[in-house]
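These are the residues of each chain, in order.
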Amino acid sequence: MKRSYTLLLAISTFALLFSFRQFDESAEMDRVVHNKSFGTGERVEYRVHYGFINAAEAKVEVGKAVSMINNRPCYRVNVVGRTVGAFDLISRVRDTWRSYIDTTAILPHMFERQIQENKYRKEETVYFNHSKDQAVSNIKDERKTYNVPNNIHDIISGYFFLRTINFDKVREGEIIEVPTFFDGEVYKLRVRYVGRDVIKTKFGKSKVLRLSPQIPSNKFFKGEEPMALWISDDSNKIPLKAEVDLKIGSLEMDLKSYKGLKKDIAWF
């Protein structure tokens, strides 16, 4: 199936930011993750650009009300990505990703995606049974059950779990391995914590934590660590900026707007 990988990277860049997991985890519903980083009503928007050309937009939104899935209270998180401008004329992308994340354990109970990329269409729903360490995927009339590691994440819930981590306890240069279930497989992504920094945005300067996801060598990315991610060095820990080096140039993602954060970002 022919697909425009350069354009899809504009959307997929944001999805790649969501694949993280912490080190020590207890049994699923017995664990309590102390979350002071996010809550209902949060909304963050990003602009993805290729040089001076706007390529795509992405939005991450936590529902205003708690949802009940598997008799558990969950945050309903939507991630929407779309191409814009000239990129939209060349390759039209309208993707929606959704995760229902347990408010106490910060683990997914259900994951959905609706993909529209040119003529390509795909809809999938994944249910997570943490007591049996299984993920059940439903695509049209096809249902498959997969065995997964204990406390597995989807690509969205992992990002929200990352936001609860105390990086004061993570050493510079330390690599975090990331088991994440996606598209019928468990991936072991690796993310290196680079350290603290200060960056400039349209809102002002901000203290940040820099992360460097390691991506297997392929014909689209440049180098072993082609992505740089800067997240706010505060309790929110939201991405403020990302850069991806491609063989044909680079993509950048910048914070466009935000509201409903637990704590306002300390710009200076």
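Just above sits the structure.
What counts and how
Residues numbered from 1 in each chain as written. Predicted model: local features only at pLDDT ≥ 70, side-chain atom pairs only at ≥ 80, totals over all residues. Heavy atoms only, no water. Buried < 20%, exposed > 50% of the residue type's maximum accessible area, 1.4 Å probe, protein only. Helix = DSSP H or I, 4+ residues; strand = E, 2+ residues; numbered from the N terminus. Pairing = 2+ DSSP bridges. Phe/Tyr/Trp six-rings, centres within 6.5 Å; stacked < 30°, edge-to-face > 60°.

Q: What am I meant to see in the pairing of strand β12 (residues 204–214) here?
A: Both faces of the sheet carry side chains from a regular strand, because those side chains alternate between them. Buried residues dominate β12, accounting for 8 of its 11 residues. Judged from the 4 bridges that link them, β12 and strand β13 (residues 227–232) form a sheet pairing that is antiparallel. Residue pairing for β13: Arg 210 is matched across the bridge by Trp 230.

Q: Before we go on, may I ask you to explain the environment of Thr 104 in this structure?
A: Along the chain, Thr 104 turns up in the loop between β5 (94–102) and β6 (108–117). Residues Thr 104 and Asp 30, 74 residues apart in the sequence, show an inter-C-alpha distance of 9.2 Å.

Q: Sorry if this is basic, but what is going on with the packing of aromatic side chains here?
A: Aromatic ring pairs are defined here through the distance separating the ring centres and the angle between the ring planes. Applying the stated criterion across every chain yields a total of 12 aromatic pairs. With a centroid separation of 4.8 Å and an interplanar angle of 80°, the aromatic rings of Phe 38 and Phe 160 are classed as edge-to-face. In this pair, Phe 38 is assigned in the loop between α1 (5–16) and β1 (43–50) and Phe 160 in helix α3 (residues 157–162), connecting sequence segments 122 residues apart. Exposure class is identical for Phe 38 and Phe 160. Each is buried. Between Phe 128 and Phe 181, the ring centres sit 6.3 Å apart and the planes meet at 90°, which makes this aromatic pair edge-to-face. Of this pair, Phe 128 sits in strand β7 (residues 120–129) while Phe 181 is found in strand β10 (residues 175–182), placing the two residues 53 residues apart along the sequence. In this structure, Phe 128 and Phe 181 share a single accessibility class: buried. The structure contains a cluster of three or more aromatic residues connected by ring pairs, namely Phe 38, Tyr 75, Tyr 159 and Phe 160.

Q: What's the story with the pairing of strand β15 (residues 249–259) in this structure? I'm lost.
A: Taken together, the 7 bridges between β1 and β15 define a ladder with antiparallel strand orientation. Bridged to Tyr 46 within β15 is Leu 255. In the sheet, strand β14 (residues 239–246) pairs with β15 via 6 bridges, with the strands oriented antiparallel. In the strand pairing of β15, Glu 243 is matched with Glu 252. Two successive antiparallel strands, β14 and β15, enclose a turn made up of 2 residues.

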